[in-house]
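# Fold and contact review
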Amino acid sequence: NTALTKLFCYSNQLTVLDVAATAALTGLDCDNNQLTALDVSAFQLCKNLTSIRIPSGVRTLSSNMFYGCDALITVELPEGLTEIGSYVFAGCAHLQNLVIPSAVNKIRYSAFSGCASLTEMVIPEGVEMIEYKCFFGCTSLQYVTLPSTLDTIGSKAFSGCEALERITFGGS
């Protein structure tokens, strides 16, 4: 349905949600702890999506989930989230407000590539891996805080981050 603009899902019966390319969708508020999976590319190319709150039962953001959602500004992630998949926020040029939950331990390749409006990123303790081109082309990214638990930073992870001024390791 390309006319859908807001989606509220509070049904505890809903287990999978996929609204990819629903062009008019501007917001999603989902408080459903039974919803544990959002399909690969679930919101891909939802060009008018500006904000989303991911349900508390979701543990992994699958590949391409918000790919090309260039109007997306704010994302609220659940505390139990453990992995951010490849290209999840790639091309979300207006993404500004995002806090990575403390349970996350992997951030896959190109997860935030092309997020041109991100200015600061705090990677929480517990994250062990930031993969290839993770923040590639985040042209406004100025400050990054990396955890002491980080053991792998993939090649070109911060390539094209023209405004990058400071990277702090181990939270200090």
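To be clear, the structure that these remarks concern was listed above.
Before going further, it helps to spend a moment on unusual backbone geometry. For Tyr87, which is not glycine, the phi dihedral falls at a positive 60°. Phi is positive for Lys156, which is not a glycine, with a value near 60°. Look at Lys156 and you get partly exposed, because its relative accessible area is 48%.

Taken together, the three strands give an open sheet; going across it, the order is E11-E13-E15, and neighbouring strands pair in parallel fashion. Here the strands that pair on one side only, and so sit at the sheet edges, are strand E11 (120–122) and strand E15 (166–169). Within this sheet the neighbouring strands show an average axis-to-axis angle of 10°, counted without direction. In this structure, E11 lies alongside strand E13 (residues 143–146), joined through three bridges in parallel fashion.

Further remarks concern the pairing of E13. Of the two faces of E13, only the one carrying Val144 and Leu146 is buried; Tyr143 and Thr145 on the other face are not. Looking at chain direction, E13 and E15 are connected through four bridges and run parallel. Across the sheet, the residue bridging to Thr145 is Thr168, located in E15.

This part is about the sheet that holds strand E14 (residues 152–153). Strand order across the open sheet formed by five strands is E6-E8-E10-E12-E14, with parallel pairing between neighbours. Bordering the open sheet on either side are strand E6 (60–61) and E14, each of which pairs with just one other strand. Bridge count for strand E8 (residues 83–84) against strand E10 (residues 106–107) is two bridges, and the pairing is parallel. Counted as the bridge partner of Glu83 is Lys106 from E10.

Turning our eyes to something else, we now look at a nonpolar patch on the surface. Taken together, the side chains of Leu45, Tyr67, Tyr87, Tyr109 and Tyr132 make up a nonpolar region of the molecular surface, amounting to roughly 440 Å² of accessible area. Tracing the backbone through its elements, the reader meets Leu45 in the loop between strand E4 (37–38) and strand E5 (51–53). Given a relative accessible area of 37%, Leu45 falls into the partly exposed group.

Here the focus is the nonpolar core. Ranked by size, the top nonpolar core spans 43 residues in total, and within it Phe66, Ile84, Phe89, Phe112 and Phe135 carry the most contacts. Ignoring sequence-local partners within four residues, the contact set of Phe66 consists of Phe43, Leu49, Ile52, Ile54, Leu72, Val88, Phe89, Ala90 and Cys92.

Per the stated rule, a full pass over the model turns up seven aromatic pairs. For the pair Phe66 and Phe89, a centre-to-centre distance of 5.4 Å together with 5° between the ring planes defines the contact as stacked. Of the two residues, Phe66 is situated in the loop between E6 and strand E7 (74–76) and Phe89 in the loop between E8 and strand E9 (97–98); the sequence distance between them amounts to 23 residues. Relative to Tyr109, the ring of Tyr87 lies with its centre 5.5 Å away and its plane at 90°, an arrangement referred to as edge-to-face. Placement of the pair is Tyr87 in the loop between E8 and E9 and Tyr109 in the loop between E10 and E11, with a sequence separation of 22 residues. Through a chain of ring-to-ring contacts, the aromatic side chains of Phe43, Phe66, Phe89, Phe112, Phe135 and Phe158 assemble into a single cluster. Positioned above the aromatic ring of Phe136 is the side chain of Lys133, whose terminal nitrogen or guanidinium carbon lies 4.5 Å from the ring centre.

Oppositely charged side chains can form a pair if their charged atoms are brought close together. Applying the stated criterion to the full structure yields three salt bridges. Lys47 is the salt-bridge partner of Asp70, the closest N and O atoms lying 3.8 Å from each other. Of this pair, Asp70 sits in the loop between E6 and E7 while Lys47 sits in the loop between E4 and E5, placing them 23 residues apart in sequence. The exposure class assigned to Lys47 is partly exposed, which follows from its relative accessible area of 38%. For Glu83, the salt bridge goes to Arg108, with nearest N and O atoms at 3.0 Å.

What counts, and where the lines are drawn
- Residues numbered from 1 in each chain as written.
- Predicted model: local features only at pLDDT ≥ 70, side-chain atom pairs only at ≥ 80, totals over all residues.
- Heavy atoms only, no water.
- Buried < 20%, exposed > 50% of the residue type's maximum accessible area, 1.4 Å probe, protein only.
- Pairing = 2+ DSSP bridges.
- Helix = DSSP H or I, 4+ residues; strand = E, 2+ residues; numbered from the N terminus.
- Axes fitted to C-alpha atoms, helices over the stretch in contact; angles between N-to-C directions.
- Patch = residues over 30% accessible without salt bridge, like charges linked within 9 Å, V, L, I, M, F, W, Y side chains within 5 Å.
- Areas by Shrake-Rupley, 256 points an atom, 1.4 Å probe, with all protein chains shown as cover.
- Salt bridge = Lys/Arg side-chain N within 4 Å of Asp/Glu carboxyl O.
- Core = buried A, V, L, I, M, F, W, Y, C linked by side-chain atoms within 4.5 Å.
- Contact = heavy atoms within 4.5 Å.
- Phe/Tyr/Trp six-rings, centres within 6.5 Å; stacked < 30°, edge-to-face > 60°.
- Lys NZ or Arg CZ within 6 Å of the ring centre and 35° of its normal.

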